[in-house]
Amino acid sequence: MSDLSALERETLAAIESAGDESALEVARVAALGKKGAISALLATLGKLAPDERRTRGAAINALKDQVTEALAARRAVLKRASLEAQLEREALDVTLPVPLAGVETGRIHPISQVMDEITAIFAEMGFAVAEGPDIESDDLNFTKLNFPPGHPAREMHDTFFLEADANGERRLLRTHTSPVQVRTMLSQKPPIRVICPGRTYRRDADQTHTPMFHQIEGLVLDQSATLANLKWVLEEFCKAFFEVKHVGMRFRPSFFPFTSPSLEVDIQCRRSGGEIRFGEGEDWLEILGCGMVHPNVLTNCGLDPEVYQGFAWGIGLDRLAMLKYGLPDLRDFFDADLRWINHYGFKPLEVPTLAGGLSG
Amino acid sequence: MKFTLSWLKDHLDTTASLAEIVDTLTRVGLEVESVEDPARKYDGFVVASVIEAKPHPNADRLKVCVVDAGQAPVQVVCGAPNARTGLRSVFSPVGTYIPGKKLTLAKGIIRGVESNGMLCSAAELELSEDHDGIIELPDDAPIGVPYAQYAGLDDPVIDVAVTPNRPDAAGVAGIARDLAAAGLGKLKTPQLKPYEGAFDCPTQVRLDFAPDDAHLCPAFALRLVRGVTNGPSPEWMQKRLRAIGLRPISALVDITNYITFDRGRPLHVFDFAKVAGDLAVRRARAGEAVLALDGKTYALDDSVVVIADQNGVESIAGIMGGEHSGCDETTRDVLIESALWDPTNIAHTGRKLGIMTDARYRFERGVDPDFCVPGCDLATEYVLSICGGEFSRMIVAGNPSAPRRSIPFPYGEAKRLLGVDIPRDEGEAILRRLGFGVEEGHVLVPSWRPDVQVKADVVEQILRIAGVDRAPPAPLPRLDGGVPRPVLTLMQKRTRLAKRTLAALSLREAVTWSFVSRVASEAFGGGSPSLALANPIAADLSDMRPSLIPGLVAAAERNTRRGLSDVALFEVGQIFLGSGENDQRIAAASVRRGRAKLDSEGRQWSGGGAVDVFDARRDAMTLLSALEVNTNAVQVIPGGPSFLHPGRSATLQFGPKTVLGWFGQLHPGVCEALDAEGPIVAFEIILDAIPAPKARPSKTRPKLNRSDFMPVERDLAFVVGETVGAADIVKAAESADRGLVARVGVFDVYRGQGLPEGAKSIAIHLTLQPRERTLTEAEIDAAVSKVVAEVSRKTGAALRS
């Protein structure tokens, strides 16, 4: 049987030393091919006596199995090596930078974001969103809202006018979104619960005023809405908007032609190191005006003030955004400076929800 | 409206502290804007006596003084030449802030001698420029008393923001009334006695109005005081006027100013010697003018009410007197005017002439008609006591007494509006303290409250005095229980979605002005006179925008000039087609310039490059798709509005009557006109123009139709003329066999070698989707041939061999 041992040694050595697939194939053919050494040995078995054939056959088949196994093992090794070589060739400089996708680089303006936040809060409280045109009539912007013609209260609003038309009617840019409240009252029967966001215009420009700004007004009208309800709505709103558990609010008597009683509202805060915190501190910041809808306004809108009553408020949207997010200068809102919007803007998928928290 | 604490206390008997008064003012609706407490500035300064002043051992010009400031004697080194034994002066101990030197005094050793404070000059207290020596006080000045108190410099100045409805609060007496009503003390405004007069007023007054104009001057009271001496007004009056920022002029003028602030009652004084004949109150005549007390000449017209004599206009009614008949130190006989004017007319005149005075401020809000005659008497009283003289009987033209307004007021109205019960006794007591008459079922409004017109205004009075905190917040009941329903309209949803979609395309949201320059407006199809502002705030913000692009281009240019040349901005907002009710639209637009492409902003190793018109197209199409528009159905018609590059732009539409918008490269001429560096690519879509989706009764999605058979892919290249659009080839290929052709894409466009001049090769990628069984080679070839034939027929293209 020494011939088998020698063959085994030679064949296994040939397999082991095969450097690639083709060398391995040569070794396989030399051993197991039709004319291979092991095949040749198997061919000799028929001439042997049965006893000898059994033992000799078993030995040759064992060798064949051993060689087959060695071939498979070697093939696996070679395959792995070749894959590794390929991977090495395919290596890339993965430190090369790539730009982020638009969902990360795009930006939503703080005004839009805050508008969405406020809408989420009031929609939850059952308010619809009403809108109207920026170019308004004097009647809807002033007269119906109980600003008598020539009254000094009109001067509280520095109004932009358009050139008079052929009939001498002078349209104007709305100075507040209250004409939308009027439109709602004229077109809809109470109960009414709406917020009216939108662009508003006053002829004013300095560090804290821009000729265009945004307001969000609200109107609740039914047969029982009271000033106590108004205070509750505004407190709930402020807590939700500023995302605090408690908020200190101060209601001060004031004057607006379209409400009576009229109130201005301050919110308690602490300012330190360029940061504002709400619900604590010694400072009071004025954030909105509100009141019970004036009976003259109701009458002007065809509603009987003996039957219907309700309240309204108006907030500067830009100012709310500035307060909540610490935006220092109103004028930046309308400048579209990429550095500003990249820094203060919101990502497209940061959609405010009450379930997830307005600001995430 | 400014006043001092001591002035307030002339009208209010109170023990309340300044802080309580300030808090209460704000609480009742008289918002305190500032409180200036001058005493604070003099914290630490006390009246002291120099017990002994000896020469300084080491310095000729210095003295070592021992000072008695009410406590243990203090040693001070002083350089003042007038420091001497026995002098009473002002002392500031160590730790005092010295306003004139802007430092806090520290203990010091001056030339070897300890100094524990300072004897002060007037300049060091910022009382005058005088720093030649220390302040010299009379020998009876009380030692140890704060100097501010001693010198009467401790009268705090309170500034309240008076809302336009409260003319009564434009006088100290009215403010005191509110405070008294709020329980802060007792009103003690002195009662006036009437002044009868011993002789007739020699000047007559004629209210010279047509009957329709009678409201312009309901009443005019006039009285002569003869033999007056018009010197300076008394120190107490000057001090108060100065404290609120007025310059004392002469006794007669100061008296009118004082009463204006004390009672909210403006007055005017004429120098009788300069008035020619009687006074006529009338509308001015066109062409008349008056030199007013501010030294300016005002041209008048018949909308202005004036007081005139034989010389012409002497005074602009209710706003400002005339220079000619004004009082000065030579005035011997003075005419005192106390009149009533029409608030609307005064406001109009004031605006027209551009004059704001303390008189206008009050008359345009409406002064108390019942105080017209007493106002003249009060002025008489001051004139007699300060300037002397004899007074005439008063002439009263017109009728100053107006009936008091009665408002039906069932007390339950308070609870109806406030949602809380303020006890009736309390509410009615408040009204009475404010001067209202309270009777069963109605209230009588005091003459000084023209703003109280309806029941709600009466409730407001009760609320503000009782305190807004009396109405605790009460939940607003929901209209319908359960989960709130969606509230947004289609356009509101589109607007929100458009913003998020465009931002996800790496665009940054801009909010630009609704007004643009005339040039920009005209360039973008606007510029109609109906959209021009009559009073723009700046020349380049003059016209309501017809498009979002000019604002975005200007924003891009501002960024470029800051060195940020890769700009990708969008805006979703209103544009204006006209000034009419239905002429406003919501548009969405983007601009890109530089290398601000969607996939790669800036210079990148992996490609990038300059933006092109296809970036704009992608923005537009992605937006339309997000808004549920079937983009395959949108017609892309080459060319667009004139502000676009004619060869690099397209109109997006469903047909000529349903134009959604456009995309393209801005015309270089337009960029130049807007002073912006191009090329800039942009799109604009009118969100209102997108047809509303059909309402569907069910949320069930249409059934997915997918084939079990492998799709077959084939690539085909066509040679066509330059004028043929790729879309024509795609459309022709799609229509060749609608049952089988599932998709057609363009994957290559080639021009150059191997192709004739003026021709291009467009390679398309064809997907055939068998539905019922696998296709045979022959069937595939037949389908491909059909596509080739259809493309050739419709576009003249030849299959590239």
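Since we're looking at a predicted model, the values are computed, not measured.

Draft legend 1. Representation of the overall build of chain B. Across its full length, chain B carries 20 helices and 44 strands. Relative to its length of 801 residues, chain B is extended, with a C-alpha radius of gyration of 42 Å against a globular reference of 28 Å. In terms of its C-alpha atoms, chain B occupies a principal-axis envelope of roughly 130 × 85 × 60 Å. When the 801 residues of chain B are sorted by exposure, 43% land in the buried category. By sequence separation, contacts in chain B at least 24 residues apart represent 69% of the contacts at least 6 residues apart.

Draft legend 2. Focus on the pairing of strand S37 (residues 635-638) of chain B. All names here are of chain B. With 4 bridges joining them, S37 and strand S38 (residues 644-653) adopt antiparallel strand pairing. Across the sheet, residue Ile637 finds its bridge partner in S38, namely Thr651. Once S37 ends, the chain turns through 5 residues before running back antiparallel as S38, passing Gly639 with a positive phi of about 95°.

Draft legend 3. A look at the interface of chain A and chain B. With 72 residues of chain A at the interface, the matching set in chain B holds 79 residues. Top contributing element to the side of chain A that touches chain B by residue count: helix H9 (residues 227-242) of chain A, with 7 residues.

Draft legend 4. Highlighting the environment of Ala106 of chain B. Secondary-structure assignment places Ala106 of chain B in the loop between strand S9 (103-104) and strand S10 (108-110). Counting along the chain gives 12 residues from Ala106 of chain B to Val94 of chain B, while the straight-line C-alpha distance between them is 5.2 Å.

Draft legend 5. Molecular detail of the sheet that holds strand S30 (residues 508-509) of chain B. Residue and element names in this part refer to chain B. Taken together, the 7 strands give an open sheet; going across it, the order is S30-S33-S34-S40-S39-S38-S37, and neighbouring strands pair in mixed fashion. The open sheet has two edge strands with one neighbour each: S30 and S37. Here S38 pairs with strand S39 (residues 659-666) via 6 bridges, running antiparallel. Residue pairing for S39: Ser649 is matched across the bridge by Gly664.

Draft legend 6. Highlighting helix H2 (residues 18-27) of chain B. Residues and elements named next belong to chain B. Among all positions of H2, only Ile21, Thr24, Leu25 and Arg27 are buried. Buried residues along H2 cover an arc of 165° about the axis, so they all sit on one side. Against strand S3 (31-36), strand S13 (157-161) and helix H5 (172-181) lie the buried residues of H2. Positive backbone phi, approximately 100°, marks Gly29, located one or two places after H2.

Draft legend 7. Structural view of helix H11 (residues 317-325) of chain A. All names here are of chain A. All of the buried residues in H11 are Leu317, Asp318, Arg319, Leu320, Ala321 and Met322. Contact partners of the buried residues in H11: helix H6 (110-124), strand S4 (192-201), strand S5 (212-222), H9, strand S9 (283-293) and strand S10 (309-316). Of the residues one or two after H11, Gly326 is the one with positive phi, at around 65°.

Draft legend 8. Quick look at the packing of helix H6 (residues 235-243) of chain B against helix H7 (residues 251-263) of chain B. Residue and element names in this part refer to chain B. At their nearest, the axes of H6 and H7 sit 11 Å apart, and the two run at 55° to each other. The angle between the axes of H6 and H7 places the two elements in the oblique class. In this structure, H6 crosses over H7, and the sense of that crossing is left-handed. On H7, the residues that touch Met237, Gln238 and Leu241 of H6 are Asp254, Asn257 and Tyr258.

Draft legend 9. Structural detail: unusual backbone geometry. In the segment running from Pro190 of chain A into Pro191 of chain A, the intervening peptide bond is cis, with an omega of 5°. As for its position among the elements, Pro191 of chain A is in the loop between helix H8 (178-187) and S4. A cis amide bond, omega -10°, links Gly678 of chain B with the succeeding residue Pro679 of chain B. Its place among the elements puts Pro679 of chain B in the loop between helix H18 (668-673) and strand S40 (680-686).

Draft legend 10. Highlighting the sheet that holds strand S1 (residues 2-4) of chain B. All names here are of chain B. Taken together, the 3 strands give an open sheet; going across it, the order is S1-S13-S3, and neighbouring strands pair in antiparallel fashion. In the strand order of this sheet, the two ends are held by S1 and S3, each with one partner. Adjacent strand axes in the sheet meet at a mean angle of 25°, parallel and antiparallel pairs treated alike. With 5 bridges joining them, S3 and S13 adopt antiparallel strand pairing. Across the sheet, residue Ser34 finds its bridge partner in S13, namely Asp159.

Draft legend 11. Examining the packing of H6 of chain A against H9 of chain A more closely. All names here are of chain A. It is at 10 Å that the axes of H6 and H9 come closest, and there the two elements cross at 135°. It follows that H6 is oblique to H9 by the angle criterion. When the axes of H6 and H9 are compared, the crossing they make is right-handed. Contacts between H6 and H9 involve Glu117, Ile118 and Ile121 from the former and Phe237, Ala240 and Phe241 from the latter. Looking at the contact of H6 with H9 residue by residue, the class counts come to 5 nonpolar, no polar and 1 charged.

Draft legend 12. Region of the structure containing the environment of Glu790 of chain B. Residues and elements named next belong to chain B. Relative to the assigned elements, Glu790 resides in helix H20 (residues 777-795). A count of 19 C-beta atoms within 10 Å places Glu790 in the partly exposed class. Taking the C-alpha atoms as reference, Glu790 lies 5.8 Å from Ala736; in sequence the two are 54 residues apart. The residues touching Glu790, leaving out its near neighbours within four places in the chain, are Ala732, Ala733, Ser735 and Ala736.

Draft legend 13. Examining the pairing of strand S6 (residues 74-78) of chain B more closely. As paired elements, strand S5 (residues 59-68) of chain B and S6 of chain B share 5 bridges and run antiparallel to each other. Within S6 of chain B, the position partnered with Lys63 of chain B by the bridge is Cys78 of chain B.

Draft legend 14. Quick look at the confidence of the model for chain B. Mean pLDDT over chain B: 93, with 100% of residues reaching 70 or higher. In the predicted complex, the global pTM is 0.87; the interface-specific ipTM is 0.89.

Reading the values: the criteria
Residues numbered from 1 in each chain as written. Chains lettered and ligands numbered in written order. Predicted model: local features only at pLDDT ≥ 70, side-chain atom pairs only at ≥ 80, totals over all residues. Helix = DSSP H or I, 4+ residues; strand = E, 2+ residues; numbered from the N terminus. Rg over C-alpha atoms; globule rule 2.2 N^0.38 Å. Buried ≥ 20, exposed ≤ 12 C-beta atoms within 10 Å, placed from the backbone. Contact = placed C-beta atoms within 7 Å. Pairing = 2+ DSSP bridges. Arc of directions from axis to C-beta. Axes fitted to C-alpha atoms, helices over the stretch in contact; angles between N-to-C directions. Parallel < 35°, antiparallel > 145°, perpendicular 65-115°, else oblique. Left-handed = near helix turned anticlockwise from the far one by under 90°. Nonpolar A, V, L, I, M, F, W, Y, C, P; charged D, E, K, R; others polar. pLDDT = per-residue confidence, 0-100.

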